[in-house]
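# Summary of structural features
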Amino acid sequence: MSFISRRKLLAGVSAAVPAARTLAQSSGSKLKIVVTGGHPGDPEYGCGGTIARYTDLGHEVVLLYLNRGEKGCPEKDPSAGSAVRVAEASKACEILKARPVFAGQCDGNAIVDLAHYDEFRRLLEAEKPDVLFTHWPIDGHPDHRAISTLAYDAWLRLGKRFSFYYYEVSNGEDTLMFSPTDYVDISATEPRKRAACYAHASQTPDKFYALQSQVTRYRGLESGYAQAEGFIRHAQSPGHGLP
Ligand SMILES: [Zn+2]
């Protein structure tokens, strides 16, 4: 029976999974953050305060939406999308100093198959993220579950090279059974998160922001801040890439 030392074990792990840059290690260099969401608005509601903290630190953030919020696909051309929802997403990204990207799927009709796994991986690979965020997969909305699976598959197939976190959105209605491993203090950036969420004026922000605000206040109670966003870090995620 051979004995594997802790040192050897750690060496093996680091050889198999190249370490991602962490915020501490990357002082002076700009990180690329990709926050994926089922619809325009999801990254803003789940991670808006954290996104504002990243961009305040000079890091580059991309909000990668699975669709343009256009119902009625596939009869309509998904690349055309909803002019209203796209304009709202642009405004929200402007507030958070992020850049919108659309994966071109249809709202309410997400497809997860080999072709779409490949397409999504290529899209993500082109962005070269240092940190990736996606929906928690236990979620009431099929588009949220779809992008969670697409993002996870891309992370695996790209060799788990970058940090990987799950976020929560519209708890009770969408996200369920979410117990954060990490928290980000958003007390100072909450006003910008609110403005970005309210930029999605067609999506009843009074209702949804009130719910999300309850969640961030509760996560704040848990973590000792006025308001916080909670995340689940994948157990094999290299580095710690939260601001
Ligand atoms: Zn959504």
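Below or above, wherever it landed, is the structure these notes cover. Only a predicted model underlies this, so the values are computations on that prediction, with no experimental measurement involved.

## A closer look at helix 4 (residues 114-127)
Given a rise of 1.5 Å per residue, 14 residues ought to cover 20 Å, and the 20 Å separating the end C-alpha atoms of helix 4 matches this to within 8%. Listed in full, the buried residues belonging to helix 4 are His 116, Tyr 117, Phe 120, Arg 121, Leu 124 and Glu 127. Buried residues of helix 4 fall within an arc of 135° about the axis and therefore sit on the same side. Exposed residues on helix 4 whose side chains face more than 90 degrees from its buried face are Leu 114 and Ala 126. Of the surrounding elements, those touching the buried residues of helix 4 are strand 1 (32-37), strand 2 (60-67), strand 3 (99-105), strand 4 (131-135) and helix 5 (142-157). Just downstream of helix 4 lies Lys 128, where phi reads positive at about 50°.

## Notes on the coordination of the zinc ion
Coordination of the zinc ion by the protein is provided by His 39 (ND1), Asp 42 (OD), Asp 42 (OD) and His 144 (NE2), with metal-donor distances spanning 2.0 to 2.7 Å. Bound by four donor atoms, the zinc ion shows angles of 52 to 140° at the metal and therefore irregular coordination geometry. In the primary structure, the donors to the zinc ion are separated according to the pattern H-x2-D-x101-H. The exposure class of His 39 is buried, given its relative accessible area of 8%. Since its relative accessible area comes to 10%, Asp 42 is described here as buried.

## Some points on the sheet that holds strand 3
Here we have seven strands laid out as an open sheet, ordered 3-2-1-4-5-7-6, and mixed in their pairing. The sheet terminates laterally at strand 3 and strand 6 (182-185), the two strands that pair on one side only. In this sheet, neighbouring strand axes are inclined to one another by 25° on average, regardless of whether the strands run parallel or antiparallel. Two elements, strand 4 and strand 5 (residues 163-167), share five bridges in a ladder whose sense is parallel. Residue pairing across strands places Thr 134 opposite Tyr 166, the latter belonging to strand 5. Strands strand 2 and strand 3 of the sheet are contacted by helix 3 (residues 83-96), whose axis makes an angle of about 150° with strand 3. Lying on the sheet, helix 7 (residues 205-223) is in contact with strand 6 and strand 7 (228-233); it crosses strand 7 at an angle near 75°.

## Side note on the pairing of strand 1
Of all six residues making up strand 1, six are buried, and the element is well covered by its neighbours. Neither face of strand 1 is open: one carries Lys 32, Val 34 and Thr 36, the other Ile 33, Val 35 and Gly 37, and all of them are buried. Examined bridge by bridge, strand 1 and strand 2 share six bridges and lie parallel to one another. Opposite Val 34, over in strand 2, you have Val 62 as the bridge partner.

## So, helix 5
Taking 1.5 Å per residue as the helical rise, helix 5 with its 16 residues ought to reach 22 Å, and the 22 Å between its terminal C-alpha atoms agrees with that figure. All of the buried residues in helix 5 are Asp 143, His 144, Ala 146, Ile 147, Ser 148, Leu 150, Ala 151, Asp 153, Ala 154 and Trp 155. Once helix 5 finishes, Gly 159 follows within two positions and takes phi at roughly 85°, a positive value.

## Examining the pairing of strand 5
Burial within strand 5 is extensive, with five of its five residues counted as buried. What you see with strand 5 is no split at all: Ser 163, Tyr 165 and Tyr 167 on one side and Phe 164 and Tyr 166 on the other are buried throughout. Crossover handedness for the path strand 4 to helix 5 to strand 5: right-handed. Sheet topology note: the strand 5/strand 7 ladder contains three bridges and is antiparallel. Looking at the pairing, Tyr 166 lines up with Ile 232 of strand 7.

Procedures and definitions
- Residues numbered from 1 in each chain as written.
- Predicted model: local features only at pLDDT ≥ 70, side-chain atom pairs only at ≥ 80, totals over all residues.
- Heavy atoms only, no water.
- Helix = DSSP H or I, 4+ residues; strand = E, 2+ residues; numbered from the N terminus.
- Expected span 1.5 Å × (residues − 1).
- Buried < 20%, exposed > 50% of the residue type's maximum accessible area, 1.4 Å probe, protein only.
- Arc of directions from axis to C-beta.
- Contact = heavy atoms within 4.5 Å.
- Donors = N, O, S within 2.8 Å, 3.2 Å for Na, K, Ca; no water.
- Tetrahedral: all angles 85-135°; square planar, octahedral: opposite > 155°, others 65-115°.
- Pairing = 2+ DSSP bridges.
- Axes fitted to C-alpha atoms, helices over the stretch in contact; angles between N-to-C directions.
- Right-handed = clockwise from strand over helix to strand, strands pointing away.

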